[in-house]
Amino acid sequence: PTLWPYLFLFSPATVHKSVISVQPPWTTVFHGERVNLTCNGFHFYAQEKLQGYRWFSGKARPRETPGNTLEVRDSGQYRCQAPGSLPSNPVHLIFSSASLILQAPYSVFEGDELVLRCQKRGREKLAVVKYTWNRKIISGTDESFDLLIPKASLNNSGCYQCIGFLENAYVLRTSQTNIQIQELFSRPKLEVTDSQPIEGKPVNLSCGTRLPLERPDTRLHFVFLRDDGVMISNWSGSPDLQITAIWREDSGSYSCGAETLTGGIHKRSLPLQIDVQRIPVSGVLLETQPQEDEVIEGETLVLVCSVAKGTGNTTFSWHREDTRESLGQKSQRSQRAELEIPVIGESHARSYYCTADNGYGLIQSEAVNVTVRSIPGIKRGLVAGGTTGGSLSILLAVALLFYCWYQRKPGLCSLLPFANLHNLPLPQKPHSLQPWKLPHYHSPPHHPSANRWAHLLSSKGSFLNRCLV
């Protein structure tokens with residue numbers, strides 16, 4: 001079940017070839033030895049139903065076997081066909097009568113251990129063995145006659161030859177053998193649902209690669225990158241990545257990488273340019289909440305600025321029409337924004353407009369007139385409250401004056417506005433709680449406020465009498 005995320009070519013609609021393997025793994029052996037071939041298939045292709053396995057060799061008629069193995073002793077090209085699959089690629093086997101042969105495996109993939117073996121027929125032993133690659137000597141040792149490349153890469157492909165030195169200084173050479181290192185998986189190809197997406201829309205990325213039929217169990221994991229190798233995802237077993245919302249600043253060169261879990265084979269796709277398209281703002285509209293023709297004084301007024309079209313980060317701004325004074329500004333990835341005026345008053349009764357800009361130029365809305373309706377009852381209450389507060393202040397002043405006289409504290413009385421009145425006798429402390437009348441005082445001409453305070457004292461006398469009683 002872990003194979004299917006990687007084997008994109010494995011689908012019922014795809015026709016698959018049979019796969020042939022060789023044991024021992026060498027394509028060149030000495031004459032008289034035997035090689036076993038094994039045929040494996042993928043049962044997706046059922047155009048022709050086969051009862052057994054077919055074997056093809058040169059111009060000879062196909063042979064059919066009930067099992068999937070075949071023992072061979074002759075040189076030639078061999079192919080097989082498993083039930084439900086197409087014929088395999090050919091395997092070229094050589095049964096050599098030479099004194100010295102170079103044995104190489106039938107198939108080698110990236111990351112595999114590559115072993116080349118130099119073999120001599122007969123009793124006489126080799127003293128020294130050397131190997132050449134593309135006619136250059138790459139090793140020479142008298143300890144081991146095998147050439148070992150622990151982790152093969154595509155760069156190790158080429159022509160190899162073995163040179164053997166006998167103890168009598170006689171030199172043997174094998175023929176040139178071409179070895180092709182196969183890709184463990186193809187170079188990834190990055191695909192995108194839309195290379196010019198509209199800003200704010202989702203985008204799906206897919207990192208496609210192929211595994212060979214000989215290695216269907218190879219496990220890969222994937223990563224997605226942008227620009228100079230900046231990772232936009234973690235390594236994952238999934239070859240797909242969804243960007244839920246892409247923005248203009250996300251434009252750039254994208255690529256993906258695939259890597260084996262073991263072996264360290266890493267490949268990166270060619271870059272793919274993604275240009276995110278931004279829609280300029282249009283249809284700027286200013287609305288008020290509440291939406292009535294008049295706003296009641298003391299309520300909250302909300303100015304709503306919106307655009308019919310436009311993507312990306314948009315800057316909204318609110319203004320008074322008469323002075324063009326800015327009331328506020330907001331930048332956000334939205335097609336609407338609100339400005340709140342907590343307590344509306346008569347001074348807010350005027351026309352307003354808003355603007356929107358997402359980088360393609362400022363667009364202004366039509367002006368909206370705001371009418372504020374005042375409530376008379378609220379003002380009368382304020383006036384009445386002011387009058388009552390003034391009367392209460394006068395009464396408190398009279399009470400304080402009486403307290404000063406009653407307690408004989410002229411220092412405190414000197415703080416009153418009329419404390420400098422001359423020759424004002426202090427009243428006697430009453431012996432009982434009886435109604436007490438304030439005497440009638442005359443302010444001297446040189447003190448203008450005396451007449452006013454004397455009048456107030458006289459008019460409030462009855463009230464103070466009631467308070468004392």
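For the structure itself, look to the data block above.
Keep in mind the model is a prediction, meaning the values are calculated, not measured. Per chain, residues are indexed from 1 in the order of the written sequence. Note on the predicted model: pLDDT of at least 70 is required for a residue's local features to be given, and 80 or more for side-chain atom pairs to be given and counted; whole-chain, interface and lining totals, by contrast, use all residues. Side-chain measures here rest on the full set of heavy atoms in the structure, leaving out hydrogens and waters.

A.B. asks: So what's going on with the overall build of the chain? Residues and values would help.
C.D. replies: Helix and strand definitions follow DSSP, with helices as H or I runs of at least four residues and strands as E runs of at least two, each counted in order from the N terminus. Summing up its helical and strand segments, the chain has four helices and 36 strands in all. The proportion of buried residues among the 469 residues of the chain is 37%. By the convention used here, residues are in contact when the closest approach between their heavy atoms is within 4.5 Å. By sequence separation, contacts in the chain at least 24 residues apart represent 60% of the contacts at least 6 residues apart. Shrake-Rupley sampling with a 1.4 Å probe provides the accessible areas, and residues are treated as covered by the protein chains on show and by no other component. Accessible surface, the chain as shown: approximately 27,300 Å² in total, 52% of it carbon and sulfur. Relative accessibility under 20% of the residue-type maximum defines a buried residue, over 50% an exposed one, and the middle range a partly exposed one, all with a 1.4 Å probe and only protein chains included.

A.B. asks: Would you mind going over the state of the cysteines in detail, with residue names and values included?
C.D. replies: Defined by distance alone, a disulfide is two cysteine sulfur atoms within 2.5 Å. Taken as a whole and judged by the stated rule, the model has four disulfides. The disulfide partner of Cys 118 is Cys 162, and the S-S distance across this bridge is 1.6 Å. A torsion of -85° about the S-S bond marks the disulfide between Cys 118 and Cys 162 as left-handed. Taken together, the positions of Cys 118 in strand 11 (residues 114–120) and Cys 162 in strand 15 (residues 158–166) put the pair 44 residues apart, joining distant regions of the chain. The partner cysteine of Cys 305 in its disulfide is Cys 354, sulfur to sulfur 2.1 Å. Between Cys 305 and Cys 354 the disulfide shows an S-S torsion of about 75°. By sign, it is right-handed. Placement of Cys 305 in strand 29 (residues 301–306) and of Cys 354 in strand 33 (residues 351–357) is noted, with a sequence separation of 49 residues between them. For the pair Cys 305 and Cys 354, a shared accessibility class is recorded, and that class is buried.

A.B. asks: Hey, could you go over the pattern of salt bridges for me, with residue numbers and the actual values?
C.D. replies: For this analysis, a salt bridge means a side-chain nitrogen from Lys or Arg found within 4 Å of a carboxyl oxygen belonging to Asp or Glu. Within this structure, the stated rule accounts for 15 salt bridges. Close ionic contact of Glu 71 with Arg 34 constitutes a salt bridge, the shortest N to O distance being 3.8 Å. In this pair, Glu 71 is assigned in strand 6 (residues 69–72) and Arg 34 in the loop between strand 2 (28–30) and strand 3 (35–40), connecting sequence segments 37 residues apart. Under the relative-accessibility criterion, Glu 71 is labelled partly exposed at 41%. The class of Arg 34 is partly exposed, set by a relative accessible area of 47%. For Asp 322, the salt bridge is made with Arg 320, and the minimal N-O distance between the two is 3.2 Å. Bridged by salt links that share partners, the residues Arg 320, Asp 322, Glu 325 and Arg 350 form one connected network.

A.B. asks: An account of the pairing of strand 14 (residues 146–149) is requested, with residue identities and associated values reported.
C.D. replies: In regular strands, side chains alternate between the two faces of the sheet. Here strand 14 shows a clear split, with Leu 147 and Ile 149 buried on one side and none of Asp 146 and Leu 148 buried on the other. The pairing criterion is simple: DSSP has to find at least two bridges between the two strands. Pairing geometry for strand 11 and strand 14, over four bridges, is antiparallel. Its bridge partner being in strand 14, Leu 116 is matched across the sheet by Leu 147.

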